[in-house]
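Below are the chains, spelled out letter by letter.
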Amino acid sequence: MNKIFIEVFEGMSREEQLNMAKEIGYEGYFSNPDCASDTEELAEYRKQGDALGLTFETIHGTIPGCSDIWFEGQAGDDYIEVLLREIDNCVTFNVPILIIHVQTDMRKGTRFELGAKRYEPVIAKAKEKGIKIAIENADDEAYLYKMLEYFDEPHVGFCYDSGHESSVTQGAHYLPRVGNRLFCTHLHDNDGTKDQHKLPFDGIIDFEQMAKDFKAIGWKGNLTFELRYDDAYAQKYSKREFLEECYKRAIKLRDMINA
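Predicted, not measured: the structure shown is a model, and the values here were computed from it.

**Q** Explain the overall build of the protein to me, and be specific about the residues and the numbers.
**A** Secondary structure summary: the protein contains 10 helices and 8 strands in total. Expected size for 259 residues packed as a compact globule is a radius of gyration near 18 Å; at 18 Å, the protein falls within 12% of this value. Referenced to the eigenvectors of the C-alpha coordinate spread, the extents of the protein come out at roughly 45 × 40 × 35 Å. For the protein, long-range pairs separated by at least 24 residues make up 77% of all intrachain contacts whose partners lie at least 6 apart in sequence. For the protein, the centre of its 31 positive side-chain charges and the centre of its 47 negative side-chain charges are spaced 4 Å apart.

Next comes the structure, spelled out in C-alpha cells:
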C-alpha cells in the first residue's frame, strides 16, 4: 500500500506542519531545497521527524545554479560542489535519496555532454556513499531522458513531478516512458499555465490517467505531495484543514491506483 508523505514549502513552518501531519495520518516528509545545504535545519528535520516516528524520505537538492552546468564557466563547476556536499548531508542525516533538477531555464547554447560529464563525480560519490540520485523532470524533457540514459545505473532514477509535467512540458507523459526508474514523487496540481503547487484535483491534471499510469508500472512507493499554502488557500482552510484536505485527496488517489 502506498504511504502518503507531505512537504508544504510555503505558508507554514516545518515544526507545525510535521506535528499536524503525524496527527492526521501522514507517514513521512522531505526537506525543501532551501535547506539542502543547511546542516542545522536538516538536523532539526531529522530530530523532529524521528521524535514523531515519521520517515525522512528525501533531501531536495539546491535548485539555484542547476542550469549552469550545461554552460562553460565557474558557475557550473561550483554547482557540482554544492551537490557533492549535499550527498554528504544525506549520509550525515541518514536520508537515502538526493533529488536533483535537470533544467535548462530554456536558454540556448546548452551542451549536454558538458553537463553530463560534470555530473559524473556526483553519481560516483553517491554510489560510493550508498545514496540514490533521483532526477526530477523540470523544463527539459529531452535532457531528462538523456540523463537517465547516460547514467543507467541502479542508484540513479527518476523523481516524477506532476506539476512540472503539466505546466512546463505538457503532453510529456513521463510515467509510461521512465516509470520503471521511479524512485519518488512530487504530486500537486495547477491550471497548466505555471507551477502552482495546488491541492490535487484543484487544477487541470488528469489524476485518473495518472492513477492508471501508476498502476501500470506497479508503483507501490510513496505518494509524496509538494504543496503551497498560499493566501487563497488560507482564506478557505486553516493550516490543519489544508493538510486534512490533502490527505483525503491523497487517499482518493491511492484508492484509484489500487482499484
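What follows picks up the thread again.
**Q** Report on the packing of aromatic side chains, specifying residues and quantitative values.
**A** Scanning the model with the defined rule gives 18 aromatic pairs in all. A ring pair is formed by Tyr29 and Tyr45, whose centres lie 6.0 Å apart and whose planes are at 10°; its orientation type is stacked. With a gap of 16 residues between them, Tyr29 in strand E2 (residues 28-31) and Tyr45 in helix H2 (residues 39-52) connect regions that are remote in the sequence. Look at Tyr29 and you get buried, because its relative accessible area is 0%. Every member of this aromatic cluster is reached through a ring pair, and the members are Trp70, Phe112, Tyr119, Tyr143, Tyr150 and Phe151.

**Q** Go over the environment of Phe9 with me, naming the residues and quoting the values.
**A** Locating Phe9 in the fold gives a position in strand E1 (residues 4-10). You can call Phe9 partly exposed: its relative accessible area is 29%. C-alpha separation for the pair Phe9 and Gly49, spaced 40 residues apart in sequence, amounts to 16 Å. Ignoring sequence-local partners within four residues, the contact set of Phe9 consists of Asn32, His197, Glu226, Leu227 and Arg228.

**Q** Which residues make up the nonpolar core, and what values do they have?
**A** Of all hydrophobic cores here, the largest spans 76 residues; its most connected members are Tyr119, Phe214 and Phe225. Every residue in contact with Phe225, bar those within four places of it in the chain, is listed here: Ile4, Phe5, Ile6, Glu7, Phe30, Leu187, Pro200, Cys246, Ala250 and Leu253.

**Q** Break down the sheet that holds strand E5 (residues 132-137) for me, with residues and values.
**A** Read across the open sheet, the 8 strands follow the order E7-E6-E5-E4-E3-E2-E1-E8; overall the sheet is parallel. Whereas interior strands pair on both sides, the edge strands pair on one side only; in this sheet they are strand E7 (182-186) and strand E8 (223-228). Direction aside, the axes of adjacent strands within the sheet are offset by 30° on average. Sheet contacts for helix H3 (residues 74-92): strand E3 (55-60), strand E4 (97-102) and E5; angle to E4, the most-contacted strand, approximately 155°. Sitting on the sheet, helix H5 (residues 141-150) touches E4, E5 and strand E6 (156-161), and the angle it makes with E5 is about 160°.

The rules behind each value
Residues numbered from 1 in each chain as written. Predicted model: local features only at pLDDT ≥ 70, side-chain atom pairs only at ≥ 80, totals over all residues. Heavy atoms only, no water. Helix = DSSP H or I, 4+ residues; strand = E, 2+ residues; numbered from the N terminus. Rg over C-alpha atoms; globule rule 2.2 N^0.38 Å. Contact = heavy atoms within 4.5 Å. Lys, Arg positive; Asp, Glu negative; His and termini not counted. Charge placed at Lys NZ, Arg CZ, Asp CG, Glu CD. Phe/Tyr/Trp six-rings, centres within 6.5 Å; stacked < 30°, edge-to-face > 60°. Buried < 20%, exposed > 50% of the residue type's maximum accessible area, 1.4 Å probe, protein only. Core = buried A, V, L, I, M, F, W, Y, C linked by side-chain atoms within 4.5 Å. Pairing = 2+ DSSP bridges. Axes fitted to C-alpha atoms, helices over the stretch in contact; angles between N-to-C directions.

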